[in-house]
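# A look at the structure
Listed below are the residues making up each chain.
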Amino acid sequence: MTGRHNVSLCVRGLTLQRGFRRLVSDLNLVCSPGDIVALQGPNGSGKTTLLRAIAGFHTPAGGSVAFEAEHGPEIEEVGEVASFLGHQDPIKAGEKLIDQLIFWADVRGARRDSVSEILDRVGLSRQTGLQGGVLSAGQRKRASLARLLLEDRAVWLLDEPASPLDQEGRALLGNLLDAHSRRGGIILAAVHDPLPGVTARTLALGTAESGVVP
Ligand SMILES: Nc1ncnc2c1ncn2[C@@H]1O[C@H](COP(=O)(O)OP(=O)(O)OP(=O)(O)O)[C@@H](O)[C@H]1O
(Lines give C-alpha, C1' and ligand atoms only; values in the text may rest on other atoms or scores of the structure.)
Protein backbone atom coordinates (compact mmCIF):
# COMPACT_ATOMS: atom_id res chain seq x y z
CA MET A 1 0.00 0.00 0.00
CA THR A 2 1.27 3.48 -0.85
CA GLY A 3 1.40 6.59 1.37
CA ARG A 4 -1.20 9.14 2.26
CA HIS A 5 -4.10 10.05 -0.02
CA ASN A 6 -4.56 13.70 -0.89
CA VAL A 7 -7.63 13.84 -3.11
CA SER A 8 -10.65 16.11 -2.49
CA LEU A 9 -14.13 15.71 -3.90
CA CYS A 10 -16.33 18.63 -4.88
CA VAL A 11 -19.98 18.17 -5.89
CA ARG A 12 -21.65 21.36 -7.11
CA GLY A 13 -25.34 21.93 -7.87
CA LEU A 14 -25.92 18.26 -8.62
CA THR A 15 -29.33 17.29 -9.94
CA LEU A 16 -30.18 13.64 -10.48
CA GLN A 17 -33.17 12.33 -12.33
CA ARG A 18 -34.47 8.86 -13.15
CA GLY A 19 -37.16 8.95 -15.81
CA PHE A 20 -39.54 11.70 -14.76
CA ARG A 21 -38.54 11.41 -11.13
CA ARG A 22 -36.15 13.98 -9.64
CA LEU A 23 -34.08 12.34 -6.91
CA VAL A 24 -31.66 15.10 -5.95
CA SER A 25 -31.82 18.83 -6.63
CA ASP A 26 -28.92 21.25 -6.49
CA LEU A 27 -26.80 19.14 -4.11
CA ASN A 28 -23.51 20.60 -2.90
CA LEU A 29 -20.97 18.45 -1.11
CA VAL A 30 -17.28 18.97 -0.40
CA CYS A 31 -15.15 16.14 1.00
CA SER A 32 -11.58 16.66 2.16
CA PRO A 33 -9.03 13.91 2.77
CA GLY A 34 -10.16 11.73 5.68
CA ASP A 35 -13.88 12.60 5.42
CA ILE A 36 -16.50 9.91 5.93
CA VAL A 37 -20.06 10.57 4.75
CA ALA A 38 -23.03 8.29 5.37
CA LEU A 39 -25.77 8.67 2.75
CA GLN A 40 -29.08 7.96 4.37
CA GLY A 41 -32.66 7.96 3.19
CA PRO A 42 -35.58 5.66 2.50
CA ASN A 43 -35.57 2.96 -0.19
CA GLY A 44 -35.61 4.59 -3.60
CA SER A 45 -34.46 8.01 -2.36
CA GLY A 46 -31.43 8.02 -4.68
CA LYS A 47 -28.43 6.89 -2.57
CA THR A 48 -27.19 4.36 -5.14
CA THR A 49 -27.85 6.80 -7.97
CA LEU A 50 -25.79 9.47 -6.22
CA LEU A 51 -22.89 7.06 -5.68
CA ARG A 52 -23.08 6.00 -9.32
CA ALA A 53 -23.15 9.63 -10.47
CA ILE A 54 -20.02 10.39 -8.44
CA ALA A 55 -18.39 7.24 -9.87
CA GLY A 56 -19.20 8.45 -13.39
CA PHE A 57 -21.70 5.66 -14.15
CA HIS A 58 -24.82 7.87 -14.16
CA THR A 59 -25.05 11.16 -16.04
CA PRO A 60 -26.44 13.97 -13.88
CA ALA A 61 -29.27 16.14 -15.17
CA GLY A 62 -27.26 19.12 -13.89
CA GLY A 63 -24.27 20.18 -11.86
CA SER A 64 -20.78 18.75 -11.63
CA VAL A 65 -18.56 16.26 -9.81
CA ALA A 66 -14.86 17.03 -9.57
CA PHE A 67 -11.89 15.34 -7.94
CA GLU A 68 -8.77 17.31 -7.17
CA ALA A 69 -5.38 16.08 -6.06
CA GLU A 70 -3.37 18.40 -3.82
CA HIS A 71 -0.13 17.26 -5.41
CA GLY A 72 0.63 15.18 -8.43
CA PRO A 73 -0.70 15.06 -11.98
CA GLU A 74 -4.17 16.16 -13.05
CA ILE A 75 -6.89 13.53 -12.62
CA GLU A 76 -8.16 12.47 -16.03
CA GLU A 77 -10.56 9.65 -15.10
CA VAL A 78 -12.62 8.93 -12.01
CA GLY A 79 -11.22 5.39 -11.90
CA GLU A 80 -7.75 6.77 -11.19
CA VAL A 81 -8.90 8.01 -7.79
CA ALA A 82 -12.12 6.19 -6.89
CA SER A 83 -13.36 2.64 -6.34
CA PHE A 84 -17.05 1.78 -6.49
CA LEU A 85 -18.42 -1.14 -4.52
CA GLY A 86 -21.98 -1.75 -5.62
CA HIS A 87 -24.86 -3.91 -4.44
CA GLN A 88 -23.91 -6.62 -6.86
CA ASP A 89 -20.47 -8.01 -6.23
CA PRO A 90 -18.25 -8.50 -9.24
CA ILE A 91 -17.22 -12.07 -8.37
CA LYS A 92 -17.39 -14.49 -11.30
CA ALA A 93 -18.90 -17.88 -10.47
CA GLY A 94 -16.62 -20.03 -12.61
CA GLU A 95 -13.19 -18.63 -11.69
CA LYS A 96 -10.97 -19.18 -8.71
CA LEU A 97 -10.95 -16.32 -6.22
CA ILE A 98 -7.17 -15.92 -6.37
CA ASP A 99 -7.21 -15.72 -10.19
CA GLN A 100 -9.91 -13.04 -10.08
CA LEU A 101 -7.91 -10.97 -7.63
CA ILE A 102 -4.78 -11.28 -9.77
CA PHE A 103 -6.82 -10.19 -12.79
CA TRP A 104 -8.08 -7.10 -10.90
CA ALA A 105 -4.55 -6.34 -9.76
CA ASP A 106 -3.40 -6.36 -13.39
CA VAL A 107 -6.33 -4.30 -14.66
CA ARG A 108 -6.11 -1.69 -11.92
CA GLY A 109 -2.35 -1.39 -11.84
CA ALA A 110 -1.89 -3.03 -8.43
CA ARG A 111 0.86 -5.36 -7.31
CA ARG A 112 0.16 -9.06 -7.87
CA ASP A 113 2.32 -9.99 -4.91
CA SER A 114 -0.02 -8.17 -2.51
CA VAL A 115 -3.01 -10.39 -3.38
CA SER A 116 -2.36 -13.20 -0.87
CA GLU A 117 -1.71 -10.81 2.00
CA ILE A 118 -4.90 -8.86 1.21
CA LEU A 119 -7.02 -12.03 1.03
CA ASP A 120 -5.59 -12.94 4.40
CA ARG A 121 -6.51 -9.49 5.78
CA VAL A 122 -10.16 -9.95 4.80
CA GLY A 123 -10.29 -13.46 6.26
CA LEU A 124 -10.30 -15.37 2.96
CA SER A 125 -6.91 -17.09 3.11
CA ARG A 126 -8.58 -20.54 3.11
CA GLN A 127 -10.87 -19.72 0.18
CA THR A 128 -8.25 -18.55 -2.33
CA GLY A 129 -8.50 -21.70 -4.46
CA LEU A 130 -12.32 -21.83 -4.46
CA GLN A 131 -14.47 -20.89 -7.43
CA GLY A 132 -16.43 -17.66 -6.94
CA GLY A 133 -19.73 -19.52 -7.27
CA VAL A 134 -19.26 -21.52 -4.08
CA LEU A 135 -18.47 -18.53 -1.86
CA SER A 136 -21.14 -17.43 0.60
CA ALA A 137 -22.69 -13.97 0.31
CA GLY A 138 -20.55 -12.66 3.17
CA GLN A 139 -17.41 -14.17 1.66
CA ARG A 140 -18.19 -12.50 -1.65
CA LYS A 141 -18.54 -9.17 0.15
CA ARG A 142 -15.15 -9.80 1.78
CA ALA A 143 -13.73 -10.47 -1.69
CA SER A 144 -15.12 -7.10 -2.82
CA LEU A 145 -13.40 -5.49 0.15
CA ALA A 146 -10.19 -7.21 -0.96
CA ARG A 147 -10.63 -5.54 -4.35
CA LEU A 148 -10.93 -2.14 -2.62
CA LEU A 149 -7.70 -2.74 -0.74
CA LEU A 150 -5.96 -3.98 -3.84
CA GLU A 151 -6.99 -0.96 -5.93
CA ASP A 152 -5.91 1.42 -3.17
CA ARG A 153 -7.85 4.38 -4.57
CA ALA A 154 -8.37 7.55 -2.50
CA VAL A 155 -12.18 7.65 -2.68
CA TRP A 156 -14.33 4.69 -1.69
CA LEU A 157 -17.93 4.77 -2.95
CA LEU A 158 -19.69 2.01 -1.07
CA ASP A 159 -23.27 0.81 -1.43
CA GLU A 160 -24.40 -0.82 1.81
CA PRO A 161 -20.91 -2.14 2.58
CA ALA A 162 -21.88 -3.92 5.81
CA SER A 163 -24.51 -6.10 4.17
CA PRO A 164 -24.40 -9.16 4.56
CA LEU A 165 -21.31 -9.30 6.77
CA ASP A 166 -21.37 -11.14 10.10
CA GLN A 167 -20.30 -9.49 13.35
CA GLU A 168 -16.62 -10.21 12.80
CA GLY A 169 -16.90 -9.01 9.20
CA ARG A 170 -18.46 -5.75 10.37
CA ALA A 171 -15.61 -5.25 12.82
CA LEU A 172 -13.17 -5.91 9.98
CA LEU A 173 -15.02 -3.39 7.79
CA GLY A 174 -14.88 -0.83 10.62
CA ASN A 175 -11.10 -1.28 10.86
CA LEU A 176 -10.67 -0.90 7.11
CA LEU A 177 -12.82 2.26 7.01
CA ASP A 178 -10.95 3.74 9.95
CA ALA A 179 -7.54 2.93 8.46
CA HIS A 180 -8.57 4.36 5.07
CA SER A 181 -9.79 7.60 6.61
CA ARG A 182 -6.63 7.95 8.74
CA ARG A 183 -4.55 7.69 5.55
CA GLY A 184 -6.53 10.59 4.08
CA GLY A 185 -8.99 8.46 2.13
CA ILE A 186 -12.56 9.67 1.55
CA ILE A 187 -15.51 7.35 2.14
CA LEU A 188 -19.06 7.85 0.91
CA ALA A 189 -21.34 5.01 1.91
CA ALA A 190 -25.05 4.41 1.34
CA VAL A 191 -26.36 2.91 4.56
CA HIS A 192 -29.50 2.06 6.47
CA ASP A 193 -27.59 1.44 9.72
CA PRO A 194 -24.64 3.37 11.14
CA LEU A 195 -21.26 2.46 9.64
CA PRO A 196 -19.30 0.21 12.01
CA GLY A 197 -16.18 1.49 13.76
CA VAL A 198 -16.19 5.10 12.54
CA THR A 199 -17.98 8.38 13.02
CA ALA A 200 -19.50 9.69 9.82
CA ARG A 201 -21.28 12.89 8.94
CA THR A 202 -24.72 12.27 7.52
CA LEU A 203 -26.14 13.35 4.20
CA ALA A 204 -29.86 12.66 4.12
CA LEU A 205 -31.60 12.15 0.79
CA GLY A 206 -35.34 12.36 0.25
CA THR A 207 -35.55 15.45 2.49
CA ALA A 208 -36.03 19.18 2.01
CA GLU A 209 -32.21 19.60 2.32
CA SER A 210 -31.61 17.30 -0.65
CA GLY A 211 -34.10 19.32 -2.63
CA VAL A 212 -36.66 16.53 -2.88
CA VAL A 213 -39.26 15.43 -0.38
CA PRO A 214 -40.94 12.12 -1.25
N1 LIG B 1 -31.79 2.05 -14.25
C2 LIG B 1 -32.85 2.69 -13.76
N3 LIG B 1 -33.82 3.12 -14.57
C4 LIG B 1 -34.90 3.77 -14.09
N5 LIG B 1 -35.08 4.06 -12.80
C6 LIG B 1 -34.14 3.64 -11.95
C7 LIG B 1 -32.99 2.94 -12.37
N8 LIG B 1 -32.22 2.68 -11.28
C9 LIG B 1 -32.88 3.18 -10.24
N10 LIG B 1 -34.03 3.77 -10.63
C11 LIG B 1 -35.01 4.43 -9.77
O12 LIG B 1 -34.37 5.52 -9.13
C13 LIG B 1 -34.86 5.65 -7.80
C14 LIG B 1 -33.66 5.69 -6.85
O15 LIG B 1 -33.05 4.41 -6.82
P16 LIG B 1 -31.75 4.17 -5.97
O17 LIG B 1 -31.33 2.76 -6.23
O18 LIG B 1 -30.77 5.25 -6.23
O19 LIG B 1 -32.29 4.34 -4.48
P20 LIG B 1 -31.64 3.97 -3.07
O21 LIG B 1 -31.82 5.17 -2.19
O22 LIG B 1 -30.26 3.49 -3.27
O23 LIG B 1 -32.58 2.80 -2.59
P24 LIG B 1 -32.37 1.52 -1.62
O25 LIG B 1 -32.32 2.06 -0.20
O26 LIG B 1 -33.61 0.73 -1.86
O27 LIG B 1 -31.13 0.82 -2.05
C28 LIG B 1 -35.81 4.50 -7.56
O29 LIG B 1 -37.13 4.99 -7.69
C30 LIG B 1 -35.48 3.52 -8.66
O31 LIG B 1 -36.62 2.81 -9.07
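Conventions adopted
Residues numbered from 1 in each chain as written. Predicted model: local features only at pLDDT ≥ 70, side-chain atom pairs only at ≥ 80, totals over all residues. Heavy atoms only, no water. Domains from an automatic or database assignment. Buried area = accessible area lost by both parts, 1.4 Å probe. Salt bridge = Lys/Arg side-chain N within 4 Å of Asp/Glu carboxyl O. Polar contact = N/O pair within 3.5 Å; in protein donor to acceptor, adjacent residues only side chain to side chain. Helix = DSSP H or I, 4+ residues; strand = E, 2+ residues; numbered from the N terminus. Expected span 1.5 Å × (residues − 1). Buried < 20%, exposed > 50% of the residue type's maximum accessible area, 1.4 Å probe, protein only. Core = buried A, V, L, I, M, F, W, Y, C linked by side-chain atoms within 4.5 Å. Contact = heavy atoms within 4.5 Å. Near = heavy atom within 4 Å. Areas by Shrake-Rupley, 256 points an atom, 1.4 Å probe, with all protein chains shown as cover.

## Quick look at the domain arrangement of the chain
Looking at the chain, the domain boundaries give domain 1 (1–81 + 155–214) and domain 2 (84–152). Computed from C-alpha atoms alone, the centre-to-centre distance between domain 1 and domain 2 is 22 Å. For the pair domain 1 and domain 2, the two sides together bury roughly 1,800 Å², of which 62% comes from carbon and sulfur. For the pair domain 1 and domain 2, the interface holds three salt bridges. We note a salt bridge from R142 to D166, for which the minimum N-O separation is 3.2 Å. Taken together, the connections running from domain 1 to domain 2 amount to nine residue pairs in polar contact (both at pLDDT 80 or more). Among the elements that make up the side of domain 1 that touches domain 2, the one with the highest residue count is helix α5 (residues 167–182) (five residues).

## Description of helix α4 (residues 137–151)
Taking 1.5 Å of rise per residue, the 15 residues of α4 would be expected to cover 21 Å, and the 21 Å separating its terminal C-alpha atoms lies within 8% of that figure. Most of α4 is tucked away: twelve of the 15 residues are buried. If you check which residues of α4 are buried, you get G138, K141, R142, A143, S144, L145, A146, R147, L148, L149, L150 and E151. Directly beyond the C-terminal end of α4, a positive phi value near 55° is found at D152.

## With respect to the nonpolar core
Grouped together as the largest cluster of nonpolar side chains are 35 residues, with contacts concentrated most on L101, L119, L145, L150, W156, L158 and L177. At six residues, α4 tops the list of elements feeding residues into this core. The residue makeup of this core includes at least three contributed by each of domain 1 (1–81 + 155–214) and domain 2 (84–152). The contacts of L101, once residues within four sequence positions are left out, are V115, L119, A146, R147 and L150.

## Quick notes on the side chain of R147
Mapped onto the secondary structure, R147 falls in helix α4. Judged by relative accessible area, which is 11%, R147 ranks as buried. Side-chain polar atoms of R147 contact the backbone oxygen of F84, separated by 3.0 Å. Sequence-distant contacts of R147, that is, excluding residues within four places in its chain, are made with F84, L85, P90, L101 and W104.

## Brief notes about the site of the ligand
Looking at the ligand, there are 14 residues lining it, with R21, G44, K47, T48 and T49 nearest. R21 places a side-chain nitrogen or oxygen 2.7 Å from an oxygen atom of the ligand. Contact between the ligand and H192: an oxygen atom at 3.0 Å from a side-chain N or O atom of the residue. Bound to the protein, the ligand loses 59% of the 640 Å² it would expose on its own. Every element with two or more residues in the shell around the ligand is listed here: β2 (21–31) and α1 (47–55). No other element matches the three residues that α1 contributes to the shell around the ligand.

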